[in-house]
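Close look at the chain arrangement
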Amino acid sequence: MTHIPPAEPQEESLGALVAAATDHMSTLVRAEIELAKAELRFDAKRVGVAAGLFGAAAFMAHLCLILASFAIAYGLVAAGMWTWLAFLIVTVFYLVVAGLLVFVGVRRLKGLTGMRRTLRSLKTIKSGAELDSVPATPVTAGQVGSHRDPVRPGQ
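Here goes a summary of the coordinates provided. This is a predicted model, so every value here is computed, not measured.

To continue, consider the overall build of the chain. The helix and strand tally for the chain stands at three helices and zero strands. Taken from N to C terminus, the helices and strands of the chain fall in the order α-α-α. Classification of the 155 residues of the chain by burial places 4% in the buried group. Excluding contacts between residues fewer than 6 apart, the proportion of contacts in the chain whose partners are at least 24 apart in sequence is 29%. In the structure as shown, the chain presents an accessible area of about 13,400 Å², 70% of it carried by carbon and sulfur atoms.

Moving on, we come to helix α3 (residues 116-127). Taking 1.5 Å of rise per residue, twelve residues should cover 16 Å, and α3 covers 16 Å from first to last C-alpha, within 8% of that figure. Burial of α3 is sparse: only one of the twelve residues sit out of reach of the surface. Just beyond α3, the residue with positive phi is G128, at close to 85°.

Let us now look at the packing of aromatic side chains. A complete count under the given rule lists five aromatic pairs for this structure. Summarising the aromatic geometry, the rings of F70 and Y74 are spaced 6.5 Å apart at their centres and angled 20° between planes, so their arrangement reads as stacked. Highlighted residues: F70 and Y74, both in helix α1 (residues 14-78), separated by four residues, approximately one helical turn. Summarising the aromatic geometry, the rings of Y74 and F87 are spaced 5.3 Å apart at their centres and angled 85° between planes, so their arrangement reads as edge-to-face. Of this pair, Y74 sits in helix α1 while F87 sits in helix α2 (residues 83-110); the two residues are 13 residues apart in sequence, bridging distant segments of the chain.

Attention now moves to the packing of α1 against α2. For the pair α1 and α2, the least separation of the axes is 8 Å and the interaxial angle reads 135°. Relative to α2, α1 is oriented oblique. Where α1 crosses over α2, the two elements pack in a sense that is right-handed. Across the interface between the two elements, L65, S69, F70, I72, A73, Y74, L76 and V77 of α1 pack against T83, A86, F87, I89, V90 and Y94 of α2.

Okay, the pattern of salt bridges next. What the rule picks out here adds up to one salt bridge. E34 is paired through a salt bridge with K37; the nearest N and O atoms lie 3.8 Å apart. Residue E34 and its partner K37 are both found in helix α1; the two are separated by three residues, about one turn of the helix. Since its relative accessible area comes to 45%, E34 is described here as partly exposed. Since its relative accessible area comes to 42%, K37 is described here as partly exposed.

Analysis parameters
Counting restarts for each chain: residues are numbered from 1 in the order of the written sequence. The model is predicted, so local features are restricted to residues of pLDDT at least 70 and side-chain atom pairs to those at 80 or more, both for listing and for counting; the totals for chains, interfaces and linings are taken over all residues. Hydrogens and water are ignored here; the side-chain numbers use all heavy atoms of the structure. Under the scheme used here, helices are H or I runs from DSSP no shorter than 4 residues and strands are E runs no shorter than 2 residues, and both carry numbers assigned from the N terminus. Residue burial is assigned from relative accessible area. The probe radius is 1.4 Å, only protein chains are included, and a residue is buried under 20% of its type maximum, exposed over 50%, and partly exposed in between. Two residues form a contact once any of their heavy atoms are found within 4.5 Å. Using a 1.4 Å probe, accessible areas were evaluated by the Shrake-Rupley method; residue-level cover was limited to the displayed protein chains. By this rule the span expected of a helix is its residue count minus one, scaled by 1.5 Å. Put simply, two rings from Phe, Tyr or Trp (the six-membered ring, in Trp's case) pair if the centres are within 6.5 Å, and we call them stacked under 30 degrees between planes, edge-to-face over 60, tilted for the rest. A fitted line through C-alpha atoms represents every axis, and for helices the fit uses only the stretch in contact; the resulting angles, taken between N-to-C directions, go from 0 to 180 degrees. By the definition adopted for this analysis, an angle is roughly parallel if under 35 degrees, roughly antiparallel if over 145, roughly perpendicular if from 65 to 115, and oblique otherwise. A crossing counts as left-handed when the near helix is turned anticlockwise from the far one by less than a right angle, and as right-handed when that turn is clockwise. A pair is scored as a salt bridge if a Lys or Arg side-chain nitrogen falls within 4 Å of a carboxyl oxygen belonging to Asp or Glu.

And the structure:
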């Protein structure tokens, strides 16, 4: 990187001024990129540590769920129920909860629009037509999805 010594403003040519401005801009951009890299490295380390802690917490919660399941089953046995029936009741309970979670998840997936607006916009841009259907004002959170019909049970 060449450094142009400062001269009197009257003596500098337009080319020298442009070269100095370009040099300063590239230095500024490099410094900003280095700053962004340093911040990203720092944030990535923090996110990695947090993800590890969340993973450990999820593992511990899973162990607690297993132990609680045994405690419930043995509590039912202590209440006078056969051992196999107590464990079967706990298992069926978890199967019902899992089934409900799958049902809710599938219902949530049915509401996806498949990026219709983005595809329509891309097709419009590709065809070269005017963007008449794209709103001029930004869409607010209350307007997103307002064009869809409400979901009714049994659909």
